[in-house]
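Notes for the structure review
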Amino acid sequence: MALPLAESAQAQITRRREAFPGAFSHRRPSTQPSGFAALLSSVTEVVDSRGVASPIHTAAVALGSNLGDRFANIETALRLLEVPKTLLEDLAEDAEVSVVNTSFMYETAPMYVTDQPRFANCACIIETNLAPVVLLRLLKKIETAVGRVPTIRNGPRAVDLDIIIYASRIIDTRPEDCRVNLDNLAGELVIPHPRMSEREFVLRPLNDMIPDFLHPVYQKTVHTLLNEVISSQETDEFPMLKVIPFPKYPFDEAAVTKNGILSVPPTTKHWTVASTGPSGNPRPHKTYIMATLNVTPDSFSDGSLHNALPAAIAYSASSVASGADIIDIGGYSTRPGADFVSAEEEIDRVVPAIKAIRSHDDEDVRNTLISVDTFRWEVAEKAVRAGANCINDVHAFTGPEYPLVQESAKHLLEMRKIARELGVPVVLMHSRGDAGSNKNYDDYPGGLVEGIKTELGEKVDAIVTGRGGVRRWLVIVDPGIGFSKAVDAQFALLRNASSITADEPGNPLAGYPQLIGASKKSFLGTLLERPDPEGTYKGRKTSAQERGWAYCSCSRPAPFNRALVS
């Protein structure tokens, strides 16, 4: 519930963040390696030009919307949050607000007033030197700028922003003798938010980021408060749904630019990727199908079959008619020994195919989701602005170098910047560099699954958290079937894919949607060459085009492993 600004602060502060060291730390594995983090720090300069800097505090802000383009409204609000002086001209020159972490995105049933549309809900962690009452004033300005108008209490709104936590402070601007109940909150500011402990749509997003934060009043962690709310539920008629919004490109950027911020694309579709019942256990959800279109002459699976535009469009139309939910277009083969392709040539391959799909006569084909399979930020930007809705990167933003070097960190920062500006979902795959140059598949301390969690988790953490991070709700992870892994290990990985994103302590990939891409990769060919010692099958060599039925068998476990895309 947003509270109007009081005439004066009148704040009583009894606890500070310093009293709870580590309380605002992000979810991390307990033994996370520091190698890549050190590389990232080595190429990131922090320049403080403010002179005598105002103290920086950490706060949690909840966001919700159930009118208009809910997801675009929230993204617009987040971008406005980081340019406070465009809305509050009387702020000091050093006024600062930076979003440093975001939760997953959820679709939730309305609470209190139930006869209204479902909400999109999320939360973010910010670092700011604004005082709590000034921050509240900024949030009110943002709500107005996005389009919120007065309505009934707890009624529909274009966007709603609430301060949930401000460091570990306890703030109540009401007179001490008026704090018996919550009936007199109008015109006052109370932190922590007085109703957060009863709202799953607030606690679940906070749990994504700061599960161990200790509520300074209740002396319980966010995770504990969430479990208490879940255990008190008696029905799952309206579960919280984890969702991924896909923006529409191209669009009229000038028409949606507000207050000098980067324009926010409208939403074309959103996927429901997970939901939980009243006990907190996962509920069934749809597994989405990705069709792969390689507009290359040398792809391992369909090289030269679809690199001519008419063939590419025919394949796309056939895929959509067969039930594909998204088409992944690649212009640079990832097979071992593939020829080098310049960024310009890669753009020349993928952009015409994207434009042709976007201008197709069939509405279903024209409006299908498209991802661009590339590790280059130049290609990603051109492809998205031409009409792609998603970036699929086999190197998880660090480029083809392995072991990781400073260039890998620089590459990540460039890819992260483009993805953040475009606001599109990203698929981040585990691999160890170029498929043709790295053959060390056995060195995974703790085993393959733990190695994937550690190596990919460190990259995902660098992409999502910190200033300039990609929104958590836009990240899909891919364990990298067929990349940098021994043949027999691939099958164990397929059987245990759900453990990659399992919600367990210390897992840096907990909760992320997962893509399983077995495709027609060579490990299937290796398996098909082996004779059956207990049967009549003698084994034989197969081409990629002959492995379709084997791929289907590999993909069957995907829904049971709660995969999002296969």
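Computed from a prediction, not measured in an experiment: that's the story for all the values here. (Residues numbered from 1 in each chain as written. Predicted model: local features only at pLDDT ≥ 70, side-chain atom pairs only at ≥ 80, totals over all residues. Heavy atoms only, no water.)

Most often, soluble globular proteins have nonpolar side chains that are buried together. Membership of the largest hydrophobic core comes to 126 residues, with the highest contact counts inside it found for Ile142, Leu206 and Ile329. Ranked by size, the runner-up nonpolar core spans 12 residues in total, among them Val273, Tyr288, Ile326 and Cys390. (Core = buried A, V, L, I, M, F, W, Y, C linked by side-chain atoms within 4.5 Å. Buried < 20%, exposed > 50% of the residue type's maximum accessible area, 1.4 Å probe, protein only.)

Strand E12 (residues 369-373) sits mainly inside the fold: five of its five residues count as buried. Where burial is concerned, the two faces of E12 agree: the one with Leu369, Ser371 and Asp373 and the one with Ile370 and Val372 are both buried. Examined bridge by bridge, strand E11 (residues 326-330) and E12 share five bridges and lie parallel to one another. Its bridge partner lying in E12, Asp328 is registered against Ser371. (Helix = DSSP H or I, 4+ residues; strand = E, 2+ residues; numbered from the N terminus. Pairing = 2+ DSSP bridges.)

A few words now on the environment of Pro403. With respect to the helices, strands and loops of the structure, Pro403 is situated in the loop between strand E13 (390-393) and helix H11 (406-422). Counting along the chain gives 30 residues from Pro403 to Gly433, while the straight-line C-alpha distance between them is 7.5 Å.

So, about the confidence of the model for the protein chain. Looking at the protein chain, the pLDDT average stands at 84 and 79% of residues meet or exceed 70. Note on residues 1-21: pLDDT under 50 across the span, and 56 contacts to partners over four residues away in sequence or across chains. This model gives residues 549-556 a pLDDT under 50, and the stretch forms 13 contacts once residues within four places in sequence are excluded. (pLDDT = per-residue confidence, 0-100. Contact = heavy atoms within 4.5 Å.)

Time to look at the side chain of Arg349. Relative to the assigned elements, Arg349 resides in helix H8 (residues 343-358). Accessibility expressed as a relative area gives 19% for Arg349, which makes it buried. The residues contacting Arg349, other than those within four sequence positions of it, are Val295, Thr296, Pro297, Gly331 and Val341.

This next bit is on empty space enclosed by the protein. The final tally for this structure, using the stated rule, is seven cavities of 30 Å³ or more. Within this model, the largest cavity holds a volume of roughly 240 Å³. The wall of the largest cavity is formed by 19 residues, among which Phe119, Asn121, Arg157, Asp160 and Phe201 lie closest to the centre. For the lining of the largest cavity, a count of residues per class yields 10 nonpolar, five polar and four charged. By volume, the second largest cavity is sized at about 130 Å³. Around the second largest cavity, the lining comprises 16 residues; the ones closest to its centre are Phe71, Glu75, Pro245, Pro247 and Gly423. (1 Å grid on protein atoms, 1.4 Å probe; cavity = no way out; pocket = protein on both sides within 12 Å on 5 of 7 lines; lining within 4 Å. Points joined across faces, edges and corners; volume = space filled by probe spheres on them. Nonpolar A, V, L, I, M, F, W, Y, C, P; charged D, E, K, R; others polar.)

The final tally for this structure, using the stated rule, is 26 salt bridges. Here Arg420 and Glu82 are joined by a salt bridge, their closest N and O atoms 2.6 Å apart. Remark: Glu82 occurs in the loop between helix H2 (70-81) and strand E2 (97-102) and Arg420 occurs in helix H11; sequence separation between them is 338 residues. Judged by its relative accessible area of 14%, Arg420 is buried. Residue Glu198 pairs with Arg195 through a salt bridge whose shortest N-O separation is 3.9 Å. Through salt bridges with shared partners, a single ionic network connects Lys140, Glu143, Arg148, Arg157 and Asp160. (Salt bridge = Lys/Arg side-chain N within 4 Å of Asp/Glu carboxyl O.)

Along its 12 residues, H2 runs 17 Å from first to last C-alpha, staying within 8% of the 16 Å computed at 1.5 Å per residue. Those residues of H2 lying buried are Arg70, Phe71, Ala72, Asn73, Ile74, Glu75, Thr76, Ala77, Leu78, Arg79, Leu80 and Leu81. (Expected span 1.5 Å × (residues − 1).)

Taken together, the side chains of Glu344, Asp348, Glu378 and Glu414 define an acidic patch exposed on the protein surface. Checked against the element boundaries, Glu378 lands in helix H10 (residues 377-386). (Patch = residues over 30% accessible without salt bridge, like charges linked within 9 Å, V, L, I, M, F, W, Y side chains within 5 Å. Areas by Shrake-Rupley, 256 points an atom, 1.4 Å probe, with all protein chains shown as cover. Lys, Arg positive; Asp, Glu negative; His and termini not counted. Charge placed at Lys NZ, Arg CZ, Asp CG, Glu CD.)

Let us look at the sheet that holds E12. The strand order across the open sheet formed by six strands is E10-E11-E12-E13-E14-E15, and the pairing between neighbours is parallel. At either end of the open sheet lies a strand with only one pairing partner, and these are strand E10 (290-294) and strand E15 (475-478). Strand-to-strand, the axes of this sheet are offset by a mean angle of 25°, without reference to chain direction. Pairing of E13 with strand E14 (residues 426-429), which is carried by three bridges, proceeds in the parallel orientation. Along E14, the bridge assignment pairs Ile391 with Val426. Sheet strands in contact with helix H7 (residues 309-321) are E10 and E11, and its direction is about 175° off that of E10. Relative to E15, helix H12 (residues 448-464) is tilted by about 165°, and along the sheet it contacts E14 and E15. (Axes fitted to C-alpha atoms, helices over the stretch in contact; angles between N-to-C directions.)

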